Amino acid sequence: MYVAEKIREPAQINAVALKAYARVADAWGLSLKEAAGLADMSESTWKRAKKPDFAGELTKDQLLRLSAVIGIFKSLELYFSEPLAKSWFTRPNKGPLFGGTRPVDTAIDGGLPQILAVRTYLDALRGGT
C-alpha cells in the first residue's frame, strides 16, 4: 500500500527553520548583528524574520545556512558538556579553521562554505577522526 508523503510548503519549512535558528541564536547569546550576518540577512530583515508571522522568502543559501548552523548546535550539544556547548561558537579558538578567532566570526566572514567547514570539523571531532 502506498502512502503519500506529506509535502511541506516552502513557507512552512521557512517558519520551522527560522524558529529553530532563533532558538540557537538565543542559546549562544548572539547579537542582532551576529545572528543576521550568520543568516546572511540585514539586521532589519532578521528582526522581522524571527517573528512568528514573518511571510518573507528565504533563499536556498539562507536555508542551507540555517540548517548547517542548527547542525553545528546539535553537534556541540552532543560533543561537549553544557557550559562549553553553549559558549564554544563564540569563544576564541586556536583550531586549524579559526586561527585564534571566534568560530562565529569566521562563519560570518566565510559564509556558507565556512559554516559547512565548521560543521564538518565538529562532525569529525565527534566521530573521533
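None of these values were measured; they are calculated from a predicted model.

(A) Fine view of the UniProt feature "domain: Antitoxin Xre-like helix-turn-helix" (unreviewed entry) in the chain. Feature annotation in UniProt places "domain: Antitoxin Xre-like helix-turn-helix" (unreviewed entry) on residues 11-70, given in this structure's numbering. A distance of 18 Å separates the end C-alpha atoms of residues 11-70, which is 73% helix and 0% strand.

(B) Structural detail: helix α2 (residues 32-39). Every buried residue of α2 is listed here: E34, A35, A36, L38 and A39. Residues of α2 that are buried make contact with α1 (10-28), α3 (43-49), α4 (60-79) and α6 (103-127). Looking one or two residues beyond α2, the residue adopting positive phi is D40, at roughly 60°.

(C) Structural detail: the packing of aromatic side chains. Scanning the entire structure with this criterion turns up 7 aromatic pairs. When the ring of Y21 is compared with that of W46, the centres are 5.1 Å apart and the planes differ by 75°; the resulting orientation is edge-to-face. Taken together, the residues span a long stretch of sequence, with Y21 in helix α1 and W46 in helix α3 at a distance of 25 residues. Relative accessible area serves as the criterion here: at 0%, Y21 is assigned to the buried category. Residues W28 and F89 carry aromatic rings whose centres are separated by 4.3 Å and whose planes lie at 25° to one another, so their mutual orientation is stacked. On the criterion of sequence distance, the pair formed by W28 in helix α1 and F89 in the loop between α5 (82-87) and α6 is long-range, its members being 61 residues apart. Across this residue pair, the class does not change: W28 and F89 are buried. By way of ring pairs, the aromatic residues Y79, F80, W88, F98 and Y121 are connected into one cluster.

Rules used throughout
Residues numbered from 1 in each chain as written. Predicted model: local features only at pLDDT ≥ 70, side-chain atom pairs only at ≥ 80, totals over all residues. Heavy atoms only, no water. UniProt positions renumbered as here; feature names shortened; annotations may be inferred. Helix = DSSP H or I, 4+ residues; strand = E, 2+ residues; numbered from the N terminus. Buried < 20%, exposed > 50% of the residue type's maximum accessible area, 1.4 Å probe, protein only. Contact = heavy atoms within 4.5 Å. Phe/Tyr/Trp six-rings, centres within 6.5 Å; stacked < 30°, edge-to-face > 60°.

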